[in-house]
Amino acid sequence: MADKRIYLCLAHMSEDGAEQRFIKEAFDTNWVVPLGPNVNGFEKDLEEFVGEDKRVVALSSGTAAVHLGLLAAGVGPGDEVIVQSFTFCASSHPITYLGAKPVFIDSEPDTWNMDPDLLETAIQDRIAKTGKKPKAIVPVALYGMPYRIDRIMEIANKYEIPVVEDAAEGFGSRYNGQILGTFGQYGVLSFNGNKMITTSGGGALICPDEESWRKVMWLATQARESYPYYQHETIGYNYRMSNICAGIGRGQMTVVNDHIDHHKHVQALYEALLADVPGIKVHGQPNESLKGLTAVQEQQSCVQGSKLFDSNYWLCTITLDPDVKVKGQENAYKTIVTGAVGGAAGVIHAASTAVTDCQPNDNVEAMRVALDQAGIEARPVWKPMHCQPVYRDCVAYVNGVSESIFKVGMCLPAGPYVTDEDVAYIVAKIKENIIS
């Protein structure tokens, strides 16, 4: 095992080489452009997968999908957009692309996702202080965990604010039997190289109807008008997915359910093997039953299970109690990171110091280093956006939940390449590095 590197989550191709067949077809027919049969086919596959009579536009990235979703929802310069703080920056950066301002909302402790009560408090406070309501709400399926979308939609509908679901990490996750990304006005998907399925790089936007789909498609293709020459009356974007990438996606759709099942299997292994380790807790979904289902959803629940929350467990996460002592803990944060952490690209912009004013506890960093030395990629959970220097001047409604989880949380490998033996090895290394 020592000569094998276990990555957090790597794409896994289908066993029958479906991806290569679709890519070869694209080359054979000379469709090597950001449109074509594979793009159309991938969109149809996605529409069938998400259901709910939605339309889908395949795009160059999940970030592009967030951008276009916000734009289509009417967000513009000077607007405020409510967004979950506990997330990756791609959820919030597109707000700033539009000249709008993020308003960050902290998390609830059980799902780690947007706290609905804090959401409503924020809406009421923004109306009182600015005289207008926020323009959109962006909940995030952190590590695949469903957000309490029933409460979020109830609040959003009460104040007539559109919801753009960031389900980039939650492809295939369900809440009350329904696929994430299909509750709000728009839904964001990601097919980055580390996601549940991949197109190497890419994303998609789930649209509510044909009219919205056409608008997003137009914006994604440089907003060209229907003249025999290039006429532009609105600013558009070069966001359409390539036919080559879409070919990979079509092949991946043949194994998507296998991938989801595998992630759930790995989660169950971690829960079982770490159950008796003091101070280590595997984060799992709330144990609540389905409610108020339609006849179609009841039929689906026979396959999907009887739980309200049905996470894809894109990444498996644990927390380390602050009292847990880890080997090498005394050396945590003594040197500036110069290599790859949480991604193959490595560090482009070198930090000036090894520490910040908000970082994981020393035992979490020591465990990360120990696992790295054992050939295991692990990483801290996302640093809340309201703690990021780039957003220091933004409004935030906090309860301390995301900051407290950031200090103790860690992500463990969960992808299709992670075997049962790998999980046993990872757990053994965790135990080995805890000082009794």
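Reading the values: the criteria
Residues numbered from 1 in each chain as written. Predicted model: local features only at pLDDT ≥ 70, side-chain atom pairs only at ≥ 80, totals over all residues. Heavy atoms only, no water. Helix = DSSP H or I, 4+ residues; strand = E, 2+ residues; numbered from the N terminus. Rg over C-alpha atoms; globule rule 2.2 N^0.38 Å. Buried < 20%, exposed > 50% of the residue type's maximum accessible area, 1.4 Å probe, protein only. Pairing = 2+ DSSP bridges. Axes fitted to C-alpha atoms, helices over the stretch in contact; angles between N-to-C directions. Parallel < 35°, antiparallel > 145°, perpendicular 65-115°, else oblique. Left-handed = near helix turned anticlockwise from the far one by under 90°. Contact = heavy atoms within 4.5 Å. Nonpolar A, V, L, I, M, F, W, Y, C, P; charged D, E, K, R; others polar. Core = buried A, V, L, I, M, F, W, Y, C linked by side-chain atoms within 4.5 Å. pLDDT = per-residue confidence, 0-100. Lys, Arg positive; Asp, Glu negative; His and termini not counted. Salt bridge = Lys/Arg side-chain N within 4 Å of Asp/Glu carboxyl O.

A closer look at the overall build of the protein chain
The helix and strand inventory of the protein chain stands at 13 helices and 17 strands. Taken against the 2.2 N^0.38 rule, which gives 22 Å for 436 residues, the C-alpha radius of gyration of the protein chain at 22 Å falls within 12% of a compact globule. C-alpha extents for the protein chain along the principal axes are approximately 70 × 60 × 50 Å. In the protein chain, which comprises 436 residues, the share counted as buried stands at 57%.

Remarks on the pairing of strand S12 (residues 316-320)
Of all five residues that make up S12, five are buried, and the element is covered over most of its length. Along S12, one buried face is formed by Cys316, Ile318 and Leu320 and the opposite face, lined by Thr317 and Thr319, is buried too. In terms of strand pairing, S12 meets strand S16 (residues 409-412) through four bridges, oriented antiparallel. Across the sheet, the residue bridging to Cys316 is Leu412, located in S16.

Considerations on the sheet that holds strand S7 (residues 178-179)
Taken in spatial order, the three strands line up as S7-S6-S11 in an open sheet, and their pairing is antiparallel. Only two strands of the sheet have a single partner each, and these edge strands are S7 and strand S11 (309-310). Alignment of strand S6 (residues 174-175) against S7, held across two bridges, turns out to be antiparallel. Bridge pairing in S7 links Arg174 to Ile179.

Side note on the packing of helix H2 (residues 37-50) against helix H8 (residues 243-252)
Orientation of H2 relative to H8, taken along the N-to-C sense of each, is 40°, at an axis distance of 7 Å. Overall, the two elements H2 and H8 adopt an arrangement that is oblique. Like other packed secondary-structure pairs, H2 and H8 cross with a definite hand, here left-handed. Two secondary-structure elements touch here, H2 through Pro37, Asn38, Val39, Gly41, Phe42 and Asp45 and H8 through Asn243, Ala246, Gly247, Gly249 and Arg250. Of the residues that constitute the contact of H2 with H8, the class distribution is four nonpolar, five polar and two charged.

Regarding the nonpolar core
Counting residues in each nonpolar core, the largest one holds 62 residues, and the members touching the most others are Phe42, Ile82, Ile137, Phe171 and Phe191. It is helix H6 (residues 149-159) that provides the largest number of residues to this core, a total of six residues. Other than its neighbours up to four places away in sequence, Phe42 contacts Ala58, Phe191, Ile197, Thr199, Met241, Ala246, Gly249, Arg250 and Met253. Core analysis: the second largest hydrophobic core is formed by 33 residues, Leu59, Val81, Val164 and Tyr239 among them.

Thoughts on the confidence of the model for the protein chain
Summarising the model, the protein chain shows a mean pLDDT of 93, and 94% of its residues fall at 70 or more. Across the protein chain, the secondary-structure element scoring lowest on mean pLDDT is helix H10 (residues 295-304), at 55, and the one scoring highest is strand S4 (residues 136-138), at 99.

Focus: the side chain of Glu225
For Glu225, the position within the fold is in the loop between helix H7 (210-220) and H8. The buried charged residue Glu225 lacks any salt bridge, with Arg224 as its nearest oppositely charged partner at 9.3 Å. In this structure Glu225 touches Trp218, Gln231 and Glu233, once residues within four positions along its chain are discounted.

Considerations on the sheet that holds strand S8 (residues 186-190)
Spatially, four strands are ordered S1-S9-S8-S5 in an open sheet, and the strand pairing comes out mixed. Looking along the sheet, the strands with just one partner apiece sit at the ends: strand S1 (55-59) and strand S5 (164-166). Adjacent strand axes in the sheet meet at a mean angle of 20°, parallel and antiparallel pairs treated alike. Relative to strand S9 (residues 203-207), S8 is paired through four bridges, and the arrangement is antiparallel. Its bridge partner being in S9, Ser190 is matched across the sheet by Gly203. Sitting on the sheet, helix H3 (residues 62-72) touches S1, S5, S8 and S9, and the angle it makes with S8 is about 170°.

As for unusual backbone geometry
One non-glycine residue, Trp112, lies in positive phi territory at about 70°. Tracing the backbone through its elements, the reader meets Trp112 in the loop between strand S3 (101-105) and helix H5 (116-130). With a relative accessible area of 5%, Trp112 lands in the buried category. Of note in this structure, Gln222 is not a glycine but carries a positive phi near 65°. Relative to the helices and strands, Gln222 is located in the loop between H7 and H8. A relative accessible area of 36% means that Gln222 is categorised as partly exposed.

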